Each structure stands twice: as structure tokens, then as C-alpha cells.
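This is what each chain is made of:
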Amino acid sequence: MPTDPATARASGAPVDELDEELDEQAVADVVGRSPGAARVREQVLAARRQAREARDLHRDVEAVRGTARSSGGEVTAEADPAGRLTRLTFAPHATAVRPDRLAGLVEQTVRAAARDAGDRALRLVDERSGSDGFFARTMRAELERGRA
């Protein structure tokens, strides 16, 4: 296998598989190739895989969006898992709604979109890391705090 990353990537090997092979070689160069070092190599490689999976999960959670629409369709909101509003649209008939009522619809709809995003993100974390995992427990606690 080529040790130069550019040459190796050009070989057409899948990036994750290639990175793992290069990681294994680099770790072996550092900890050695003795039978006792095999356990250390496996632990280091497992930790690197977990870090890569955590990074990918974080990226995917950040991309999650939740949406909600007011019951009359006047307001549609989109939010990210942190509850930040990412999009807000009004239907043409929203202009017929009293401003104080429209403000209330906006608030309710944005909260519902944030809940939807949080729920979607939590499902993603549950699927990828298990519902009893650290990430899921942490996210669940954050969502509960935000909804209190």
C-alpha cells in the first residue's frame, strides 16, 4: 500500500478505510510491532475511530433542521437543534392577522420548530450512539433544560 496520502487517495481506496489503514501504520510506527504493542495499537485505533465517529455525528446533528407551521398556516418556521431560528416565512394571509396574535403565532411556531429539531437530533444520536450513550444522555438533558 502507498504510504504517501496523495498517492494512496489516487488509488481509489475509500477515504475512511484509507485513513484507518494509514492510521494503523502511523500508530504501529510509534508504538512498535511487538505482540505487547498490539493491544496498545488497537486501543489507539479504536479511540481514533470513536473520535472520527463523534466528529461525524456532531456535523450531522448540526445539519438537522426542524420545522413547524401554525395551525392556520400563517407562519412556517425552521430551527436548528440549538433552537436557533434558521428560516421564518409568512403566508400571504398572515397580513390579515392582528399583530399581537401574529407575534404569538411566531413564538409558538418557532418553539415547535426548535422542539422538532431537538427531537430529530436526539433520534439521530440514539440511532448512531445508543440511547444510553453519553451523547444521547447529554443531549436529552440539554433539551429538557431548554424546554423547562
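This is a predicted model, so every value here is computed, not measured.

Visitor: I would appreciate a short explanation of the overall build of the chain in the present structure.
Guide: The helix and strand tally for the chain stands at five helices and three strands. For the chain, the sequential pattern of α-helices and β-strands runs α-α-α-β-β-β-α-α. Roughly 9,600 Å² of accessible area belongs to the chain as shown, and the carbon and sulfur atoms make up 52% of that amount.

Visitor: Would you take a moment to explain the pairing of strand β3 (residues 85–90) for this structure?
Guide: Every regular strand shows the same layout, with side chains that alternate between the two sheet faces. Of the pairings in the sheet, the one linking strand β2 (residues 75–79) to β3 comprises five bridges and is antiparallel in character. Within the sheet, the bridge partner assigned to V75 lies in β3 and is F90. As consecutive antiparallel partners, β2 and β3 are separated by five residues, and within that stretch G83 has a phi angle of approximately 90°, a positive value.

Visitor: What am I meant to see in helix α5 (residues 134–147) here?
Guide: If you check α5, its first and last C-alpha atoms are 20 Å apart, about what 14 residues at 1.5 Å a residue would give, namely 20 Å. Of all the positions in α5, only A136, M139 and L143 are classed as buried. Angularly, the buried residues of α5 cover 70° about the axis, an arc narrow enough to put them on a single face. Relative to its buried face, α5 has exposed residues pointing more than 90 degrees away, namely F134, E144 and R145.

Visitor: Teacher, can you tell me more about the pattern of salt bridges here?
Guide: Note on pairing: side chains with opposite charge can pair once their charged atoms come close. Tallying each qualifying case throughout the model produces 10 salt bridges. Where R59 meets D56, a salt bridge forms, and the shortest distance between an N and an O atom there is 3.3 Å. Residue R59 and its partner D56 are both found in helix α3 (residues 35–63); the two are separated by three residues, about one turn of the helix. For R59, a relative accessible area of 49% corresponds to the partly exposed category. By relative accessible area, D56 is classed as buried at 17%. Between E142 and R145 there is a salt bridge whose closest N-O contact spans 2.3 Å.

Visitor: In this structure, what is going on with the pairing of β2? I would like to understand it.
Guide: Taken across its five residues, β2 has four buried, putting it largely inside the fold. The pairing of strand β1 (residues 66–69) with β2 spans four bridges and is classified as antiparallel. Paired with T67 across the two strands is E78, which belongs to β2. Between the antiparallel neighbours β1 and β2 lie five residues, among them G73 with a positive phi of about 80°.

About the criteria used
- Residues numbered from 1 in each chain as written.
- Predicted model: local features only at pLDDT ≥ 70, side-chain atom pairs only at ≥ 80, totals over all residues.
- Heavy atoms only, no water.
- Helix = DSSP H or I, 4+ residues; strand = E, 2+ residues; numbered from the N terminus.
- Areas by Shrake-Rupley, 256 points an atom, 1.4 Å probe, with all protein chains shown as cover.
- Pairing = 2+ DSSP bridges.
- Expected span 1.5 Å × (residues − 1).
- Buried < 20%, exposed > 50% of the residue type's maximum accessible area, 1.4 Å probe, protein only.
- Arc of directions from axis to C-beta.
- Salt bridge = Lys/Arg side-chain N within 4 Å of Asp/Glu carboxyl O.

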